[in-house]
Structures are given as C-alpha cells and as structure tokens.
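Topology and contacts: notes
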Amino acid sequence: KVNPDVENLNWFNEALVYSDIHHFSTPHIEDGFMNGQEDVITISKRVDYVSNGHTLKAVLMLDISASGLSSIAQRTNFGENGSILITDINDLLVFDSNLSCIDNDCDRIDIVKSILLGGSLLTVDNQYMYVNVNTLQDTRWKITSFINVDESVKTKERIFLTMLLSFVVSISLIAIFSSWM
C-alpha cells in the first residue's frame, strides 16, 4: 500500500525541485510504501504527462536494496580494505561498502574532496591505494573506488631490487673475469 504521506518525503520533493535529473536518496528504510522494512536507496524522477488535454506532473520512484550495493562491492576485487564510497553533491556520505566511514568525519571523504575527479595513487591506512573519483551519471553524486595496489607496488619494488642486484652481480663478475684475461 502506498504511503499516504508520500508527498512529504524528501526524495519525492527533491524530484519535483530538480526535474532535469534523477534524484538518488541516501539509504533509508523504504518509505514509499506502508510498513517498509528494508534499507533502500530511492531513485526518483519527475515526469510530465498529458491527461485530458492538461499537462500534469508525477514522480516515478524505484527502490534499490542497499544490501545489493554491498553485495556488488563484495564481489568486486578491490583488495584488502578496498571499497566503494558514494558521496552526495555536498560531499556527505551516502554509502560505504566496507563501513570504514560511519559518518561524515572520515579520512576517505577528505581524500575524495582533495581529488575532485580522476585518479591518484595514495597511501591510505598504511596501504598503497589507487583512488579513482567519478560522477554517477544523471545524479549529483560522486562514486569513488579505493583499490588496494599495495601488493602490486611491493612486487614491483621486489622485482626492481632483484634486477638491480642481478645487474650489480653481473657487472662485478664481468669485471673479475675480464681482469683475469
């Protein structure tokens, strides 16, 4: 059953005010219907339609299970402590797949603010992370992926040191053998 107070809900009013974009709410208990129990993100969009020669406004809404986003993030290999972070137009936390950010006082949100858009290799929580910030199409949100590249960087360093050591040993052996001739 549809919530009789739907016109007073934030996602409904945001869709009316910002008619040119899809509005994505922050996670909340489903409220478009009575007795909602699941954590959802509501996508809403104002649409205009004609009825009996009059143009009317309506709001289309779609609830997406917040647990679905977590499930997708868990199936994506971001490495240890890697995650997806979503922030709104004001850089306020909307979603964090590994719950490292519980509120807006979070180092990772500060990183998102400092990058604006694009990617950067940074040390986050004592691990090398490739941090990529993008916008979510048709929203005013940013999606940031924190990808742990710590092992890759350490492997690259080990390969470099091994090659350097091999080079030094080779040069030394060449010098020793050439002095005997």
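Remember, predicted model here, so these are calculated numbers, not experimental data. (Residues numbered from 1 in each chain as written. Predicted model: local features only at pLDDT ≥ 70, side-chain atom pairs only at ≥ 80, totals over all residues. Heavy atoms only, no water.)

What follows covers the overall build of the protein chain. Looking only at helices and strands, the protein chain features 4 helices and 9 strands. In the protein chain, the succession of helices and strands from N to C terminus is α-β-β-β-β-α-β-β-α-β-β-β-α. Relative to a compact globule of 181 residues, whose C-alpha radius of gyration would be 16 Å, the protein chain shows 26 Å and is clearly more extended. Split into buried and exposed, the 181 residues of the protein chain put 32% on the buried side. When contacts within the protein chain are restricted to residue pairs at least 6 apart in sequence, those whose partners lie at least 24 apart make up 38%. Entry remark: accessible area of the protein chain is about 11,800 Å², with carbon and sulfur atoms responsible for 57%. Taking the average location of the 12 positive side-chain charges in the protein chain and that of its 23 negative ones, the two points are 6 Å from each other. (Helix = DSSP H or I, 4+ residues; strand = E, 2+ residues; numbered from the N terminus. Rg over C-alpha atoms; globule rule 2.2 N^0.38 Å. Buried < 20%, exposed > 50% of the residue type's maximum accessible area, 1.4 Å probe, protein only. Contact = heavy atoms within 4.5 Å. Areas by Shrake-Rupley, 256 points an atom, 1.4 Å probe, with all protein chains shown as cover. Lys, Arg positive; Asp, Glu negative; His and termini not counted. Charge placed at Lys NZ, Arg CZ, Asp CG, Glu CD.)

Here we come to the confidence of the model for the protein chain. Across the protein chain, the average pLDDT comes to 81, with 94% of residues at or above 70. Confidence, read as mean pLDDT per element, is least for helix 2 (residues 66-75) in the protein chain (72) and greatest for strand 8 (residues 127-135) (89). (pLDDT = per-residue confidence, 0-100.)

A few words on unusual backbone geometry. Here Asn81, not a glycine, exhibits a phi torsion of approximately 65 degrees, which is positive. You can see Asn81 is positioned in the loop between helix 2 and strand 5 (83-87). Exposure remark for Asn81: the relative accessible area of 35% places this residue in the partly exposed category. Of note, Asp91 is a non-glycine position whose phi angle comes to about 60 degrees, a positive value. Within the secondary structure, Asp91 sits in the loop between strand 5 and strand 6 (93-96).

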